[in-house]
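# Summary of the model geometry
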2 protein chains.
Amino acid sequence: MRRRTAVSAVVTEAPTTPGLREGAFGHATALSCRECGHQVALGPFYACPECFGPLEITYDFPAVTREEIEAGPRNIWRYKALLPVPADIESSPNTEPGFTRLLRAENLGRELGITNLWVKDDSTNPTNSFKDRVVACALSAARELDAKVFACPSTGNLANAVAAAGARAGIKTVVFIPSNLEQPKQVNSAIFTENLVAVDGNYDDVNKLASEIAGEEEGWAFVNVNVRPYYAEGSKTLGYEIAEQLGWRLPDQVVIPVASGSQLTKVDKAFAELIKLGLVEDKPYRIFGAQAEGCGPVATAFKAGVDAIRPVKPDTIAKSLAIGNPADGIYVLDIARRTGGAVEEVTDEQIRAGIVQLARTEGIFTETAGGTTVAVTRKLVETGQLDPELETVVINTGHGLKTLDAVSGAVGAAATIAPTYAAFKAIGLV
Amino acid sequence: MRRRTAVSAVVTEAPTTPGLREGAFGHATALSCRECGHQVALGPFYACPECFGPLEITYDFPAVTREEIEAGPRNIWRYKALLPVPADIESSPNTEPGFTRLLRAENLGRELGITNLWVKDDSTNPTNSFKDRVVACALSAARELDAKVFACPSTGNLANAVAAAGARAGIKTVVFIPSNLEQPKQVNSAIFTENLVAVDGNYDDVNKLASEIAGEEEGWAFVNVNVRPYYAEGSKTLGYEIAEQLGWRLPDQVVIPVASGSQLTKVDKAFAELIKLGLVEDKPYRIFGAQAEGCGPVATAFKAGVDAIRPVKPDTIAKSLAIGNPADGIYVLDIARRTGGAVEEVTDEQIRAGIVQLARTEGIFTETAGGTTVAVTRKLVETGQLDPELETVVINTGHGLKTLDAVSGAVGAAATIAPTYAAFKAIGLV
């Protein structure tokens, strides 16, 4: 049923991608350049042959009903008709991510002064971050393209998700990380794969090496390089789930962390698709981006009112957001401005406080990216950029167990006592 | 609506528990002694006033249909009619645990020689262990009994779950741990509560102190002490979910880790209730218990063919299973023998291998308890105690990120290289 298709890095002319089975990418019809609109056939391509702009999936969606979606599985495949995956996706082993909790956050809302606040909690995904969503879509593309190796450059969350998904799918994985990565993050990938490769260099060096391998080797699917268009679509499911879990309606405001910016653009795309398909009522919504001051190139451009992003050298505890030259930064600017949102940034101290605040109010232990989003939400209210009377959703993208060091100095035991009732009474906790 | 009810440790005569609102404990009708059958009214009691045996919830269940359950929320409250919680439980803030993945485990099954194998993965619960289920039921009881403080003695998972659930519910939490507990586990509780109390002593000392406080202070709900009957019922939801996710039928065999033994007895109780309510077809099933050799008092008794459990001093890496004198051990023996199951034990080395095997085959990073269960399953097949042709479910109760040290020496990078394609080719991975 599946035949060999070369996986390569850059396409230089519109390909025909022979060898793909019928419906390999569901209702996707082509790859379209986000810059010039040029279309190429579906295949392992990510850059426009005309202008080198980013390629994105185009679909011819069927009629889809709420009831059909609700009858689907309790994971992202309930939205398979809207993703570049085949109709039989559920029969291929995968980590079955998604459909995570949308929690009403009354305690946090009270502290931030927001009347109607929700947290979308992706820390309970299979490998504890939203990356399981995008990797599941990339895995499907890798399968359909008959890739031999499933790979990525990463500093943490992505490596975990790729290694776990590959293990379950029975496909060879190779995961590249900077050699100075904290040991817990290394263990959390090495547990799943024999092929964890440490690279002497920073993340940019690792990323560059990955692109070189993608160009030289046949049959490698680098999730965030040569199958990126399929991978990125997985983030749309965050938007779909928020709408469905709110009872099939869109929130007024959403706050989303910005690394490459891909997730924010895909939540916007998801909302637009739901409106177009008649699955939710058409209504205005505002999208806000959250960055760290130590890596806030999009926030800087937003505030300056300019269209170009000036790359920065990251220096922040929010390592999963530390992309100094974000690929989708200009699209994030577009969306924030078009929807009446904003892009804001906070300090590392505010990020730490955001982590503790979310834990103490809602019982959710988030990583630094989530601390950033909570702290930015607070700042957006304080500066009048976010309307505290409107229904607001904050996205938590990952788990605090992965970035323990960020808060291990900030919290701890209230007291150490002898094992006696008298010693307990003496500390005066009650 | 709620009135003050004293929370105390031991009841000496049958109480009437005035002050409870109607339906505070759903369809629960009484607390019954597991040993002598004596009944007392519902309240903050855990030991029989006649014989000091453990008290357990008795119900008068209504007719419940599959459709009603399936129309419920995507968490344990879909089974609220079968739990000691009020009908409006969903309106009280809680962590909304449960309905975790049941994954078909073809790769692991192939390696173990089991034809039809599933993993029930509770590592994706809100605080990454099955404890969120039991704590959610204990929290409801604490609310209905108007407790002032929500507390527990713990070495890890339980403290995380109590501190998180209490934060979200807005109830004061006090969590007691041994002072020599690993720092990551301390952070993972302290992030949620200001009242983490470190106790100079081992877990038994901490537990003893907790019982003393429960006896002296009014209004404290210690989840695993004085509201234990309500707490323990939460584990039934693991059994309900397995049956529902298999399409409303029972598996032939289940392998469950044994610490106090409570979870195993509650899965058996859940299966029996589903049969009685006509929600699944009546059929035989076998229940197997998994222990570590360094703390295997139930396995020892099972193999010796005796009815009494001889307490041991735990010495194993499976710390969440390290209960040397398991309260429900004798009931575990009963169930294993009655259903044709067994209780087996494995070495720490086998536990480590079990963790790596589950990760490499299914992309699930389990803690030491899950490694124990996988390793025991292997041993049960090898020794002919488990039938490899029958449908089998293995329960994974917690997340490997909490017990990183157990495997950090066993896995790691395959190579460290310079950031060049030549250096990558030289290691010969492809």
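Please read these numbers as outputs of a predicted model, since none were measured by experiment. (Residues numbered from 1 in each chain as written. Chains lettered and ligands numbered in written order. Predicted model: local features only at pLDDT ≥ 70, side-chain atom pairs only at ≥ 80, totals over all residues. Heavy atoms only, no water.)

The next thing to look at is the UniProt feature "domain: Tryptophan synthase beta chain-like PALP" (unreviewed entry) in chain A. According to UniProt, the "domain: Tryptophan synthase beta chain-like PALP" (unreviewed entry) feature falls on residues 97–398 of chain A. Summarising residues 97–398 of chain A: 45% helix, 16% strand, and an end-to-end C-alpha distance of 13 Å. (UniProt positions renumbered as here; feature names shortened; annotations may be inferred. Helix = DSSP H or I, 4+ residues; strand = E, 2+ residues; numbered from the N terminus.)

With that settled, consider the pattern of salt bridges. In total, this model carries 54 salt bridges over all chains according to the counting rule given. In this structure, E345(A) engages K303(A) in a salt bridge whose closest nitrogen and oxygen atoms are separated by 3.5 Å. Of this pair, E345(A) sits in strand 12 (residues 343–346) while K303(A) sits in helix 10 (residues 297–304), placing them 42 residues apart in sequence. In this structure E345(A) comes out as buried when scored by relative accessible area, which is 12%. Under the relative-accessibility criterion, K303(A) is labelled partly exposed at 47%. A salt bridge links E344(B) to K303(B); its shortest N-O distance comes to 2.7 Å. Linking E344(B) in strand 12 (residues 343–346) with K303(B) in helix 10 (residues 297–304), this pair joins segments that are 41 residues apart in sequence. Look at E344(B) and you get buried, because its relative accessible area is 4%. (Salt bridge = Lys/Arg side-chain N within 4 Å of Asp/Glu carboxyl O. Buried < 20%, exposed > 50% of the residue type's maximum accessible area, 1.4 Å probe, protein only.)

All names here are of chain B. Most of strand 10 (residues 253–257) is tucked away: five of the five residues are buried. The alternating pattern of strand 10 places Q253, V255 and P257 on one face and V254 and I256 on the opposite face, and all of these are buried. When strand 10 meets strand 11 (residues 286–292), the two strands line up parallel, connected through five bridges. When the bridges of strand 11 are listed, V254 appears paired with I287. (Pairing = 2+ DSSP bridges.)

Residue and element names in this part refer to chain A. Ordered in space as 2-1-3, the three strands form an open sheet in which the pairing is antiparallel. Here the strands that pair on one side only, and so sit at the sheet edges, are strand 2 (39–40) and strand 3 (55–59). Here strand 1 (residues 28–33) runs beside strand 2; their pairing, made up of two bridges, is antiparallel. Within the sheet, the bridge partner assigned to L31 lies in strand 2 and is V40.

The next thing to look at is the relation of the copies chain B and chain A. Placing chain B over chain A gives an RMSD of 0.0 Å and needs a rotation angle of 180 degrees, together with 0.0 Å of translation along the axis. Given the turn and translation reported, the copies of this chain are related as if by a two-fold rotation axis. It is T124(B) whose C-alpha, among those of chain B, lies nearest the rotation axis, at 2.5 Å. Here 100% of the contact residues of chain B are again contact residues in chain A; the copies associate through an equivalent surface. (Least-squares fit on C-alpha atoms with pLDDT ≥ 70 in both. Contact = heavy atoms within 4.5 Å.)

Below, the discussion takes up the nonpolar core. Residues L108(B), V255(B) and L274(B) are the most contacted members of the largest nonpolar core, which totals 68 residues. The greatest single-element share of this core, amounting to six residues, is contributed by helix 13 (residues 368–382) of chain B. Residue contacts for L108(B): discarding those within four places in its chain leaves L117(B), V119(B), Q357(B), L358(B), T361(B), E362(B) and V374(B). With 66 residues, the next largest nonpolar core counts A259(A), V332(A), A336(A) and V393(A) among its residues. (Core = buried A, V, L, I, M, F, W, Y, C linked by side-chain atoms within 4.5 Å.)

Our next topic: the UniProt feature "modified residue: N6-(pyridoxal phosphate)lysine" (unreviewed entry) in chain A. Residue and element names in this part refer to chain A. In the numbering adopted here, UniProt assigns the feature "modified residue: N6-(pyridoxal phosphate)lysine" (unreviewed entry) to K131. Relative to the helices and strands, K131 resides in helix 3 (residues 131–144). Excluding anything up to four places from it in sequence, K131 contacts N157, L158, A161 and Y231.

Before going further, it helps to examine the sheet that holds strand 12 of chain A. Residues and elements named next belong to chain A. With mixed pairing, six strands are arranged side by side in an open sheet as 4-5-13-10-11-12. Edge strands, defined here as strands with exactly one partner in the open sheet, are strand 4 (102–104) and strand 12. Strand-to-strand, the axes of this sheet are offset by a mean angle of 25 degrees, without reference to chain direction. Note that strand 10 (residues 253–257) and strand 13 (residues 392–396) share three bridges and pair parallel. The residue bridging V254 from the neighbouring strand is V393, located in strand 13. (Axes fitted to C-alpha atoms, helices over the stretch in contact; angles between N-to-C directions.)

Here we take up the environment of A169(A). Residues and elements named next belong to chain A. Here A169 is to be found in helix 4 (residues 157–169). Classification of A169 as partly exposed rests on a relative accessible area of 23%. Each C-alpha atom, one on A169 and one on A141, is 13 Å from the other, the two residues being 28 residues apart in sequence. The residues contacting A169, other than those within four sequence positions of it, are P93, L139 and R143.

Moving on, we get to the side chain of T373(A). By the element assignment, T373(A) lies in helix 13 (residues 368–382). Residue contacts for T373(A): discarding those within four places in its chain leaves V255(A), I256(A), P257(A), A290(A), V394(A) and I395(A).

Okay, the confidence of the model for chain A next. Note that predicted coordinates carrying low pLDDT should not be read in detail. Within chain A, residue pLDDT values average 94, and 96% of them lie at 70 or more. Note that residues 1–15 of chain A has pLDDT below 50 and, in this model, 45 contacts with residues that lie over four places away or in other chains. (pLDDT = per-residue confidence, 0-100.)

Right, let's get into the packing of aromatic side chains. All names here are of chain A. Enumeration over the complete set of coordinates arrives at 21 aromatic pairs over all chains. Summarising the aromatic geometry, the rings of F271 and Y285 are spaced 5.0 Å apart at their centres and angled 85 degrees between planes, so their arrangement reads as edge-to-face. One end of the pair, F271, is in helix 9 (residues 262–276); the other, Y285, is in the loop between helix 9 and strand 11 (286–292), and 14 residues separate them in sequence. Judged by its relative accessible area of 10%, Y285 is buried. Positioned over the ring face of F99 is R78, at 3.9 Å from the centre of the ring. (Phe/Tyr/Trp six-rings, centres within 6.5 Å; stacked < 30°, edge-to-face > 60°. Lys NZ or Arg CZ within 6 Å of the ring centre and 35° of its normal.)

As a further point, take the side chain of N128(B). Along the polypeptide, N128(B) turns up in the loop between strand 5 (117–121) and helix 3 (131–144). Side-chain polar atoms of N128(B) contact the backbone oxygen of S123(B), separated by 3.1 Å. The contact partners of N128(B), leaving out residues within four places of it in the chain, are N128(A), H399(A), L401(A), D122(B), S123(B), T397(B), G398(B), H399(B) and K402(B). (Polar contact = N/O pair within 3.5 Å; in protein donor to acceptor, adjacent residues only side chain to side chain.)

If you roll a probe as big as a water molecule over the atoms, it shows you where there is empty space left. One pass over the structure, following the stated rule, counts four cavities of 30 Å³ or more. In this structure, the largest cavity spans a volume of roughly 170 Å³. Its residues assigned to classes, the lining of the largest cavity shows six nonpolar, eight polar and six charged. (1 Å grid on protein atoms, 1.4 Å probe; cavity = no way out; pocket = protein on both sides within 12 Å on 5 of 7 lines; lining within 4 Å. Points joined across faces, edges and corners; volume = space filled by probe spheres on them. Nonpolar A, V, L, I, M, F, W, Y, C, P; charged D, E, K, R; others polar.)

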